[in-house]
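Inside the fold
Residue-level listing of the chains:
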Amino acid sequence: MEVNKIRNIAIIAHVDHGKTTLVDKLLHAGHLFKDHEHPGELIMDSNDLERERGITILAKNVSVRYKDYKINVIDTPGHSDFGGEVERVLNMADGCLLLVDAFEGPMPQTRFVLQKALQLGLKPILVINKVDKKNCTPDEVHEQVFELMFSLDATEEQLNFPTFYGSAKQGWMSKDWKQPTTDITTLIEGVIEHIPAPKVSEGPTQLMITSLEYSSYIGRVAIGRIQRGSVKAGQFVVLVKRETGAIVKTRIKEVYVFEGFEKKKMEEVKAGEICALVGLEGFEIGDTVADVDKPEALQSIAIDEPTMSMLFTINTSPFYGKEGKFVTSRHIKDRLDKELEKNLALRVGDTGSADSFMVFGRGVLHLSVLIETMRREGYELQIGQPQVIIKEIDGVKCEPIEELTIDLPENVAGKAIETVSMRRGEMTNMEPKGDRMILKFMMPARGIIGLRSYLMNVTAGEAVVTHRFKDYQPYKGDIPGRINGSLISMEMGEAIPYSLHNLQDRGKFFIEPSEPIYEGQVIGEHSRSGDLVINVTKTKKLTNMRASGSDEKMRISPAVKFSLEEALEYIQSDEYVEVTPKSIRLRKIYLNENDRKRDRNKAVGANA
């Protein structure tokens with residue numbers, strides 16, 4: 001294929017602004033499906049977790065043919081917790097489609113990915129989506145995007161971006177939002193006209209590996225864009241390692257290019273094209289595939305550092321091994337090592353114990369997606385309380401600060417401001433939008449842990465909370481933790497409805513009647529501060545006398561059920577979340593009450 005007929009574009013958008021729907025329409029426009037095929041919605045988000053949560057987690061490649069042009073589309077995640085995915089795949093693109101909701105305008109997450117794209121010098125095209133929404137303001141949104149790009153130091157050429165309006169859901173795009181068209185060809189032609197063809201420099205082979213796939217038939221597949229030269233099947237090349245700069249000789253067995261969803265086998269692929277290489281041994285993301293005689297490395301991908309850590313340890317509860325297939329520390333270590341190969345923003349540290357690992361990531365969502373994936377694969381493990389990574393910069397103790405945006409109904413804005421202020425947040429902006437309020441804060445990352453679930457309760461599920469990492473700033477001081485203590489099970493057994501009914505005034509329960517429980521499990525939240533050990537396995541003592549009215553009706557409130565993220569944000573420092581393929585339980589690190597007392601006394605003695 002001629003280089004000037006290729007276009008490499010990345011799609012950038014905030015969560016839920018219609019990015020994956022637009023990709024669906026592009027695929028239909030490229031006639032990738034035969035008339036009898038109905039692939040449904042969200043074609044690119046093929047992973048179960050992505051479909052359930054409605055977010056893109058993994059970046060993916062697909063290509064669309066239009067007339068005699070080939071457009072390689074790279075779908076990027078919209079959430080800054082998956083920034084590691086974004087940073088590496090933008091290297092393959094020459095331009096980007098910035099997709100923005102015509103009502104909401106540019107959101108904080110959009111800003112994060114757009115900043116990365118502008119720094120790499122990509123040419124942007126603005127697509128204002130959902131112009132069929134009530135009360136939308138496409139012209140104002142256009143102004144906001146211009147101001148955003150200006151504040152991100154976009155070049156003169158980048159600021160001179162073309163704009164398209166439309167509705168991805170209804171399948172049309174136009175240069176004027178008041179004049180709908182019938183399809184999205186206007187946008188495709190805009191991509192061909194405004195996005196430059198790949199720049200190709202003369203010289204021997206050079207390709208940066210920016211992502212990888214795994215196939216059980218052919219093993220690991222390296223994906224990247226050829227910067228110069230060409231790649232042939234059977235060619236001998238060298239890998240220049242990202243970390244050490246070491247040179248390793250290897251051979252490419254087969255070369256593929258993306259054709260729709262499939263990969264098409266090629267004998268030779270020229271510079272400018274995105275291709276998949278089979279047969280390379282021992283490669284990692286960020287390595288350069290170079291010529292044997294003139295091995296020159298490309299500039300390596302800069303990845304933002306992790307800001308949060310969690311302790312992963314083997315499951316030691318009395319119920320271990322009942323639900324999962326992989327329960328040993330060797331299983332967990334192998335799985336984390338496998339994840340490190342493709343998850344660039346992840347780090348695994350040593351704890352001095354063979355049974356536990358310190359895992360560092362971008363945020364609670366980044367790590368919880370890994371835990372959820374492991375859980376579905378049959379792993380059992382326990383997770384400690386999330387901790388932010390504190391650094392010492394020029395002798396000053398510093399912590400990660402996040403830019404927090406809360407979109408919520410106006411009548412509950414006061415409650416949110418009060419809560420965020422208690423957690424050391426500083427308000428930077430407050431603007432009304434219809435009957436809602438958009439609040440912006442600078443806040444320590446520590447304060448965001450557990451904030452989302454609290455705001456959901458206060459606003460009856462109406463709050464939309466987004467945040468992105470800003471920088472490290474001097475430590476802001478202590479933040480008050482959870483005020484209420486835990487209700488802890490005294491014995492192993494089944495939760496008896498009679499006991500649950502009698503103990504309801506002590507707090508809220510996390511367990512259902514007849515659910516199996518063990519000693520030391522956190523089965524509820526105490527209505528006061530301080531932990532309380534209770535016995536919910538006691539049955540009613542029966543007498544042989546029966547009187548009318550002695551068996552009153554029992555009314556038990558429904559149990560509070562946590563999602564994985566909520567559980568991780570809820571626990572205290574002396575608690576673990578036990579994760580198995582079927583259950584999420586909370587427990588104390590020390591299951592026995594005497595052990596817990598001993599630990600508390602030791603802590604008091606150490607502080608005295």
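Up top you'll find the structure we're talking about.
These numbers were taken from a predicted model, which means no experiment stands behind them.

1. Topic: the overall build of the protein
Counting secondary structure elements, the protein contains 15 helices and 35 strands. By the burial criterion, 51% of the 608 residues in the protein qualify as buried. Restricting to contacts in the protein with at least 6 residues of sequence separation, those with at least 24 account for 72%. Roughly 28,600 Å² of accessible area belongs to the protein as shown, and the carbon and sulfur atoms make up 49% of that amount.

2. Structural notes on the packing of aromatic side chains
Considering all chains together, one arrives at six aromatic pairs under this definition. Ring centres 5.1 Å apart and planes at 90° place the aromatic pair F319 and Y518 in the edge-to-face group. Of the two residues, F319 is situated in the loop between β18 (308-313) and α8 (329-342) and Y518 in the loop between β31 (516-517) and β32 (521-526); the sequence distance between them amounts to 199 residues. You'll find F319 and Y518 in the same group, each marked buried. Taken together, the aromatic side chains of F510, F562 and Y570 make up a single cluster linked through ring pairs. A cation over a ring is seen here: R220 above F283, with NZ or CZ 4.3 Å from the ring centre.

3. Some words on the environment of A117
In this fold, A117 is placed in helix α4 (residues 108-119). Linking A117 and I12, residues 105 residues apart in sequence, is a C-alpha distance of 8.9 Å.

4. Brief notes about a negative patch on the surface
Together, D139, E140, E143, E147 and D176 make up a negatively charged patch on the protein surface. Checked against the element boundaries, E147 lands in helix α5 (residues 138-151).

5. A closer look at the environment of E399
Structurally, the position occupied by E399 is in strand β24 (residues 396-409). Under the relative-accessibility criterion, E399 is labelled buried at 0%. Taking the C-alpha atoms as reference points, E399 and V388, eleven residues apart in sequence, are found 7.5 Å from one another. Among all residues touching E399, those that are not within four sequence positions of it are I390, P444, R446, D471, Y472, Q473, P474, Y475 and K476. Here K476 takes part through its backbone nitrogen, which lies 3.0 Å from a polar atom of the side chain of E399.

6. Concerning the nonpolar core
Judged by nonpolar contacts, the single largest core of 39 residues is most densely connected at L98, V145 and M149. Counting residues per element, this core draws most heavily on α4, at five residues. The residues touching V145, leaving out its near neighbours within four places in the chain, are L98, V100, P106, L126 and F161. One finds M308, I383, V522 and L568 within the second-largest nonpolar core, a separate group that totals 30 residues.

7. A few points about the packing of α8 against helix α9 (residues 364-376)
Running from amino to carboxyl end, α8 crosses α9 at an angle of 125°, the nearest separation of the two axes being 12 Å. Here α8 is positioned oblique relative to α9, judged by the angle of their axes. Here α8 runs over α9; the crossing is right-handed. Along the contact surface, α8 presents I332, R335, L336 and E339, while α9 presents L370, T373 and M374. A breakdown of the residues in the contact of α8 with α9 according to their chemical character gives four nonpolar, one polar and two charged.

8. Quick word on the side chain of T163
You can see T163 is positioned in strand β6 (residues 163-167). Once residues lying within four places of it in the same chain are set aside, the contact partners of T163 are L126, I128, H142 and K175.

9. With respect to the pattern of salt bridges
All told, the structure shown has 29 salt bridges when counted by the stated rule. Across the pair R335 and E339 runs a salt bridge whose closest N-O atoms are separated by 3.0 Å. Of this pair, R335 and E339 are both found in helix α8, four residues apart, which corresponds to roughly one turn of the helix. A relative accessible area of 4% places R335 in the buried class. Salt-bridge contacts for E372 lead to R375; the nearest nitrogen and oxygen are separated by 3.5 Å. Pair noted here: E372 and R375 are both in helix α9, with a separation of three residues, about one helical turn.

10. Section: the sheet that holds strand β17 (residues 288-290)
Sheet architecture is open: eight strands sit in the order β12-β11-β17-β8-β9-β16-β13-β14, paired in antiparallel fashion. Both edges of this open sheet fall to β12 (247-251) and β14 (262-266), since each of them pairs with a single strand only. Taken over all neighbouring pairs, the strand axes of this sheet differ in orientation by 40° on average, direction set aside. Judged from the three bridges that link them, strand β11 (residues 236-240) and β17 form a sheet pairing that is antiparallel. Paired with V240 across the strands is T288, a residue of β17.

11. Digging into the pairing of β6
The buried fraction of β6 amounts to five of the five residues, a majority that puts the element mostly inside the structure. Note: strand β5 (residues 123-129) against β6, three bridges, orientation parallel. Following the sheet pairing, I128 is matched in β6 by Y165. The sheet contact formed by β6 and strand β7 (residues 172-174) spans three bridges and is antiparallel. Each residue of the ladder has a partner; that of S167, found in β7, is W172. Between β6 and β7, which follow one another and run antiparallel, lie four residues, and G171 among them has a positive phi close to 75°.

12. With respect to helix α10 (residues 413-422)
For α10, the set of buried residues is A413, A416, T419 and V420. Down the axis, α10 shows its buried residues gathered within 130° of arc, on one side only. Close packing links the buried residues of α10 with β24, β26 (436-444) and α12 (451-458). Among the residues trailing α10, R424 stands out with phi positive, at a value near 70°.

13. Concerning unusual backbone geometry
Backbone geometry at D394 places phi at a positive 55°, although glycine is not the residue there. You can call D394 exposed: its relative accessible area is 77%.

The rules behind the values
- Residues numbered from 1 in each chain as written.
- Predicted model: local features only at pLDDT ≥ 70, side-chain atom pairs only at ≥ 80, totals over all residues.
- Heavy atoms only, no water.
- Helix = DSSP H or I, 4+ residues; strand = E, 2+ residues; numbered from the N terminus.
- Buried < 20%, exposed > 50% of the residue type's maximum accessible area, 1.4 Å probe, protein only.
- Contact = heavy atoms within 4.5 Å.
- Areas by Shrake-Rupley, 256 points an atom, 1.4 Å probe, with all protein chains shown as cover.
- Phe/Tyr/Trp six-rings, centres within 6.5 Å; stacked < 30°, edge-to-face > 60°.
- Lys NZ or Arg CZ within 6 Å of the ring centre and 35° of its normal.
- Patch = residues over 30% accessible without salt bridge, like charges linked within 9 Å, V, L, I, M, F, W, Y side chains within 5 Å.
- Salt bridge = Lys/Arg side-chain N within 4 Å of Asp/Glu carboxyl O.
- Lys, Arg positive; Asp, Glu negative; His and termini not counted.
- Charge placed at Lys NZ, Arg CZ, Asp CG, Glu CD.
- Polar contact = N/O pair within 3.5 Å; in protein donor to acceptor, adjacent residues only side chain to side chain.
- Core = buried A, V, L, I, M, F, W, Y, C linked by side-chain atoms within 4.5 Å.
- Axes fitted to C-alpha atoms, helices over the stretch in contact; angles between N-to-C directions.
- Parallel < 35°, antiparallel > 145°, perpendicular 65-115°, else oblique.
- Left-handed = near helix turned anticlockwise from the far one by under 90°.
- Nonpolar A, V, L, I, M, F, W, Y, C, P; charged D, E, K, R; others polar.
- Pairing = 2+ DSSP bridges.
- Arc of directions from axis to C-beta.

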